[in-house]
Each structure stands twice: as C-alpha cells, then as structure tokens.
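Architecture and fold: a report
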Amino acid sequence: MIEIHDLHKYFGSLHVLKGIDLNVEKGEVLSVIGASGSGKSTLLYCINGLEPVQQGNVVVDGTDVHAKGTDINKLRQQLGMVFQQWNSFPHLTALENVALAPKIVKGKSKAEAREIAAQQLKHVGLGDKLDVYPSALSGGQQQRLAIARALAMEPEYMLFDEATSALDPELVGEVLETMRMLAEEGMTMICVTHEMGFARDVSDRVAFFHQGVMEEIGPPEQIFGNPQSEHTQKFLANVR
Amino acid sequence: MEPTISFFSGFAPKDLLFLGEAALRTMWISILSISIGTVLGVVFGWILYEGKWAAALTVAPILDVFRSVPLIIQLVLFYNFAPIVGLNLDPFASGVVILTIYTAALVANVARGGIEAVEPPMRRAARSLGMSYWQDLRYVVLPIGGRAVFPAWVGVALGVMKDSALVSVLGYVELLKASQILITRTQEPFLILSIAGAFYFALSYPISRYAASLERKWAQ
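**Brief notes about unusual backbone geometry**
Keep in mind that most residues, glycine aside, have a negative phi and that most peptide bonds are trans. All names here are of chain A. Phi is positive for Asp6, which is not a glycine, with a value near 45°. Structurally, the position occupied by Asp6 is in strand 1 (residues 2–11). Using a relative accessible area of 25% as the deciding quantity, one classes Asp6 as partly exposed. Phi at Glu154 is positive, roughly 50°, even though this residue is not glycine.

**Things to note about the sheet that holds strand 6 (residues 79–82) of chain A**
Residues and elements named next belong to chain A. On the basis of which strands lie adjacent, the open sheet formed by six strands has the order 6-7-8-3-9-10 and mixed pairing. Edge positions in the sheet fall to strand 6 and strand 10 (213–218), since each has one partner strand and no second. Here the average twist between neighbouring strands, direction ignored, is 15°. One ladder, built from five bridges, connects strand 7 (residues 157–161) with strand 8 (residues 188–192); its direction is parallel. Opposite Phe160, over in strand 8, you have Cys191 as the bridge partner. Packed on one face of the sheet, helix 6 (residues 169–184) meets strand 3 (29–34), strand 7 and strand 8 and runs near 150° to strand 8. Where helix 9 (residues 230–239) meets the sheet, it contacts strand 3, strand 9 (205–210) and strand 10, and its direction lies at approximately 100° from that of strand 9.

**A closer look at the side chain of A:Ser31**
Residue and element names in this part refer to chain A. With respect to the element layout, Ser31 can be found in strand 3. Residue classification places Ser31 among the buried residues on the basis of a relative accessible area of 0%. When near neighbours in sequence (up to four residues on either side) are disregarded, Ser31 contacts Cys191, Thr193, Phe198, Ala199, Ser203, Arg205, Val206 and Ala207.

**A closer look at the packing of helix 1 (residues 13–57) of chain B against helix 7 (residues 175–186) of chain B**
All names here are of chain B. At a closest axis distance of 8 Å, the pairing of helix 1 and helix 7 adopts a crossing angle of 155°. Judged by the angle between their axes, helix 1 and helix 7 are roughly antiparallel. Mapping the contact onto sequence places Lys14, Asp15, Phe18, Leu19, Ala22, Ala23 and Thr26 in helix 1 and Leu175, Ala178, Ser179, Ile181, Leu182, Arg185 and Thr186 in helix 7.

**Some words on a nonpolar patch on the surface**
Residues and elements named next belong to chain B. A surface patch of nonpolar side chains, amounting to about 810 Å² of accessible area, comprises Ile72, Ile73, Val76, Leu77, Phe81, Ile84, Val85, Leu87 and Val169. Checked against the element boundaries, Ile72 lands in helix 3 (residues 71–81). Note on Ile72: relative accessible area 34%, which makes it partly exposed.

**With respect to the sheet that holds strand 2 (residues 14–24) of chain A**
Residue and element names in this part refer to chain A. Across the sheet, which stays open at both edges, the four strands sit in the order 2-1-4-5 with antiparallel pairing between neighbours. Here the strands that pair on one side only, and so sit at the sheet edges, are strand 2 and strand 5 (63–64). Both strand 1 and strand 2 contribute to a ladder of eight bridges, which runs antiparallel. Note on strand 2: the bridge partner recorded for Ile4 is Leu22. Here helix 1 (residues 40–47) sits on the sheet and contacts strand 1, strand 2 and strand 4 (55–60); the angle it forms with strand 1, its principal contact strand, is near 115°.

**Side note on the nonpolar core**
Core analysis: the largest hydrophobic core is formed by 38 residues, its most contacted members being A:Leu121, A:Ile147, A:Met158, A:Phe160, A:Met179, A:Leu182 and A:Met189. Counting residues per element, the ones that place at least two in this core are helix 3 (94–104), helix 4 (110–123), helix 5 (139–151), strand 7, helix 6, strand 8 and helix 7 (196–202) of chain A. Judged by nonpolar contacts, the second largest core, of 32 residues, contains A:Leu50, A:Val60, A:Val192 and B:Ala125.

Cut-off values and rules
Residues numbered from 1 in each chain as written. Chains lettered and ligands numbered in written order. Predicted model: local features only at pLDDT ≥ 70, side-chain atom pairs only at ≥ 80, totals over all residues. Heavy atoms only, no water. Helix = DSSP H or I, 4+ residues; strand = E, 2+ residues; numbered from the N terminus. Buried < 20%, exposed > 50% of the residue type's maximum accessible area, 1.4 Å probe, protein only. Pairing = 2+ DSSP bridges. Axes fitted to C-alpha atoms, helices over the stretch in contact; angles between N-to-C directions. Contact = heavy atoms within 4.5 Å. Parallel < 35°, antiparallel > 145°, perpendicular 65-115°, else oblique. Patch = residues over 30% accessible without salt bridge, like charges linked within 9 Å, V, L, I, M, F, W, Y side chains within 5 Å. Areas by Shrake-Rupley, 256 points an atom, 1.4 Å probe, with all protein chains shown as cover. Salt bridge = Lys/Arg side-chain N within 4 Å of Asp/Glu carboxyl O. Core = buried A, V, L, I, M, F, W, Y, C linked by side-chain atoms within 4.5 Å.

Here is the structure:
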C-alpha cells in the first residue's frame, strides 16, 4: 500500500504540491489527470524518491521513502516506473536492456537475468525483438521495452508518467493495450495520463489535480459522469 | 677530394633498427601517459561535472594551466625544477609525468562532455530501476557518454602521441631525438625525417582505423 500524507513539494519558491493526502491499495489502478503543470508527474517522482520533498511523507509498504536511512535503491525495486520518454539504453539490445538491472541490482546470474528478460519481453509482445537494438524499434515498441524493463525487477507497483504522451498517435494504442493487460493481471498502478478513455475504462479511481491540489478523487463514473469541482468540470469540458 | 673527417657516414640498414627502437620508445611513453592520463582525466572530468563551484575554484584552474602552457615549457620547467624539491627523475620519468598530466587536463573536459551527453531523464530511468549512483555511472553513463566522446578522445590520444616528440628536449631518445642524431651523422635530413614520419604514421594509422571500425560497430 502507498500512503501519502500531507505532501508538499517546492521547486525553489514554486509550490508544486500543496498538501496531498492519498492512499493507493494493493491491486488498485489509479489514474491521475489534470492540466500540464498541475503537479501530477511530480507526485510520481516524489513517490519513488527521485525528487526530495519539503513536508509530509510517502510510505510504501510501511517504509518512509524520504526518511534518512531508507535504502532507496532497494525500495525502488518495488516501484517500477515508466517515463514519458522511454529512455532505452541505446548501447544494449532489447534483451540486455531488460536483463541489466536484474543482474547488477538484484545480483541474478547472467543466464537467470536473460531468462527473466526474455519472459518479460514476450509478455509485452516483443518476443521476436530480443536481439534488436533500440534504434531499430518504433517509439511504441521502445515504450513497451521500458515497461518490460521495469517489470523485470518484479515490482509491486508500477508508476506511469504520461507513458503515451511522446508517441505518435498511431503508436499510442499498443502501449495502452499493454498497460490494460497489466491492470487486468492485478498490478497496482498509478497512471498519470492524458488518455481519458484509458482513465475511464481501466481505472478503479481517478484523481484530478489542479495547481498542486488534488481537487477531486473518485470512481471514474463519478469523475467523468458527475464531477463535483468546478475545475474538474472545466478541464473535462476542454479535453472532450 | 678525400674526406678529411669520418664523423659523417651514410644511412645504413642498421640505422633503421635504431629508428625502430626509438619508435618503440615513443610508443611506450605514449601508451603509459595516455592510459594513466585518461584514467586521471576521467576522474577530473567527473569532479568538474559533480563538483560545481568547488571544482570551478580548484581543479578547473589547475587543468587550465596545463592545457594552456606549451608542452615544451612544461617539460623543461618540470625537468629542471623538480630536483629542487627532491624529485630526481630521469628524462623518461619526467616525460611520463608531464605527458600524463597534460593528457589528463585534455581528457578531463572530454570526459565532462561525455557525462553531460547522457541526459538526466536517462539517468533517472536507470536510478528508477534501483541502480545506485555508481551503478548508473558504470553501466549507463560510462558506455553511453564514452561512445559519444570517443572520437574526441582518439583525437587527444593521437595528439599526445605526436606531442611526445617534445620529450626529446630532455634527451630521451625517442623517435624525433633518434632522427636528429642520425641527421647529424648522415646529413640526410630529408630521408631520415621521411622515415621518422612514416614511423609516426605507422603508429597512428592503426589506431585511427581501429577507432573508426569501433564507431561503425556502435552506430548500428
């Protein structure tokens, strides 16, 4: 379970997150929507400790992410993350991309790491691309490679930071399909997204962020069918 | 007219051997300086990248001095003044020390460029997989940044190899010094300098070719 309590984040004097309280249960799929600059990506960065926080805390399975003495590298193995830019390692084949972290971080043997990698690449539909370099893959394939790379660490949670925003429109579908598959398998997911269809169909809950505040959270039927906050209504009217 | 002195004699095949040995010395002093200098330079480059203002005040000016003062002046100064502080180094050791520092000063900026070539999002992705700072440096930044600046590094290495000729001013008999000795005896500068040039070319060319083939391999 991820527990976020009174989380404040500043970039210099810019107050980006203004006291977020949020719990995500095991097995839940939460979509986070909102305009650019509303703090939703920053929230993900704070959850896996890529950004320090100024007040409040994030607790993952009982471990405070930002506490001194927390082994952040160990904790991050529980928190797979997929970014807007897929960031494939260009010098490694697809298989090596996925096998690298299990080998050096988890200390798996080379053979074991490659087996895990091959399995995860098949899982995301790249079973025929094992020995291909990222430069020969499309954006959608590279993003699925990034998903496989995160899954190879066998995380308990997956954080998606606008995983489809940098893709050409015709490549968005395959990545969303992969995310949908993970959701159906019971993966706990927090998805920052601009894909309203995905948020509506796949999420258990949807959170709407506005200027660093979580304005509204609830089941998709409520957020999309009967939004309570004025900002949510305005945002949804614009994206439709 | 009969020659009255016998100091001069023509170029003989055994002189080629003499030049070959000198070429080996050029190779040896270059390999030593470039390897040690590169390792040091990478460390300095990392300090320049991570150290921010602290590095800007300490390491950067020192490296600037070694990059900016002509190598020949550095060599002569070091060789003649090191004994004052109790360092009695022979010409070879003095040459290695100065060429190493000189290489390190040049490589430092190349290395910093290499680290900068790896975008922060790439490094965040590596860290998000649970890699430590050092694992990120070793397995992501080094191979990706290293490849980005490899051509620049080859340029530095070839430059230092040729600049090692300046160690001849200390009396170390490498390729250039050997040529000067032979020219004095044979009075055939054109021939001997051509041969010496060919030796330098023979030392550099395989490196350029190998580098080019590596780059092609990486480009796939």
